[in-house]
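# Structural overview for review
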Amino acid sequence: MGRAYEAGPEEAEMGVWNDRVVPHLTDAGLRSAEVTRLRERVCRGLEGRVLEIGFGSGRNLPVYPTTVTSVSAVEPSDVAWRLSEQRRRVSGIPVERAGLDGQRLAVPDASHDGGLVTFSLCTIEDPELALQEVRRVVRPGGRLHLLEHGLAPEARVRRWQHRLEPAQGRVFGGCHLTRDVPAMVRDTGWATVWTEQDYLPGPAVGRPWTYLTMGVVTAV
């Protein structure tokens with residue numbers, strides 16, 4: 001019989017960092033007024049039963065429209081789930097934790113009216129698989145609303161994104177800076193209803209982190 005795998009000290013330390021610290025960093029880093037306004041815009045039009053991939057600390061809950069009747073939250077982090085407790089408690093929308101992995105959902109086909117993913121495709125190991133799963137779970141005619149950061153159009157910014165990505169991944173739980181969000185969406189069979197891409201306002205030094213894709217897509 002082979003020996004059981006034991007993580008080394010550095011790997012164990014990174015595990016603690018990712019499990020306990022990264023959820024707090026993510027919550028703090030994505031709570032600005034500008035990001036909240038973008039969340040509000042991308043959530044417009046959601047209705048009925050919604051599947052949210054990467055629920056995190058629940059920062060989308062306060063901006064869900066009143067047309068949403070329930071949320072199935074997919075969130076791997078127990079720490080993030082605990083951080084969302086207060087927002088879930090005061091929200092008028094029922095929220096259930098529907099799974100830990102957006103790539104493998106134990107959710108019936110065509111069981112939801114729409115989907116939402118914000119700032120989560122950057123950390124999912126196989127984001128295209130997650131997008132395919134959302135397609136399976138959302139009913140025909142339902143739409144996916146998304147707000148993500150990713151690969152910038154300018155060559156100079158892209159070069160910095162590639163240089164910074166290894167450190168970004170270590171500090172922020174595997175977060176990628178160089179994923180081409182529109183291409184991933186197209187390649188998984190979604191068609192654009194509307195989309196906007198731009199940098200968040202701020203100094204040019206922050207551009208590798210702030211190129212955003214926001215939009216609504218529907219299955220082809």
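The text that follows walks through the structure, step by step, so that each part is easy to find.

### Overview of the state of the cysteines
This model, assessed by the stated rule, comprises zero disulfides. Between Cys-122, a free cysteine, and Cys-175, which holds the nearest cysteine sulfur, the sulfur-to-sulfur gap is 3.7 Å. Accessibility expressed as a relative area gives 5% for Cys-122, which makes it buried. Given the relative accessible area of 6%, Cys-175 is considered buried.

### Digging into the packing of aromatic side chains
A full pass over the atoms with the stated rule returns two aromatic pairs. Centroid distance Tyr-199 to Tyr-211: 5.0 Å. Interplanar angle 65 degrees. Geometry classified as edge-to-face. One end of the pair, Tyr-199, is in strand β6 (residues 190–199); the other, Tyr-211, is in strand β7 (residues 211–219), with twelve residues separating them in the sequence. Comparing Tyr-199 with Tyr-211 shows no difference in burial state: the two are buried. When the ring centre of Trp-81 is taken as reference, the NZ or CZ atom of Arg-88 above it lies at 3.9 Å. Just above the ring of Trp-160 sits the side chain of Arg-163; from NZ or CZ to the centre is 4.7 Å.

Here is what the cut-offs are and how they apply
Residues numbered from 1 in each chain as written. Predicted model: local features only at pLDDT ≥ 70, side-chain atom pairs only at ≥ 80, totals over all residues. Heavy atoms only, no water. Disulfide = S-S within 2.5 Å. Buried < 20%, exposed > 50% of the residue type's maximum accessible area, 1.4 Å probe, protein only. Phe/Tyr/Trp six-rings, centres within 6.5 Å; stacked < 30°, edge-to-face > 60°. Helix = DSSP H or I, 4+ residues; strand = E, 2+ residues; numbered from the N terminus. Lys NZ or Arg CZ within 6 Å of the ring centre and 35° of its normal.

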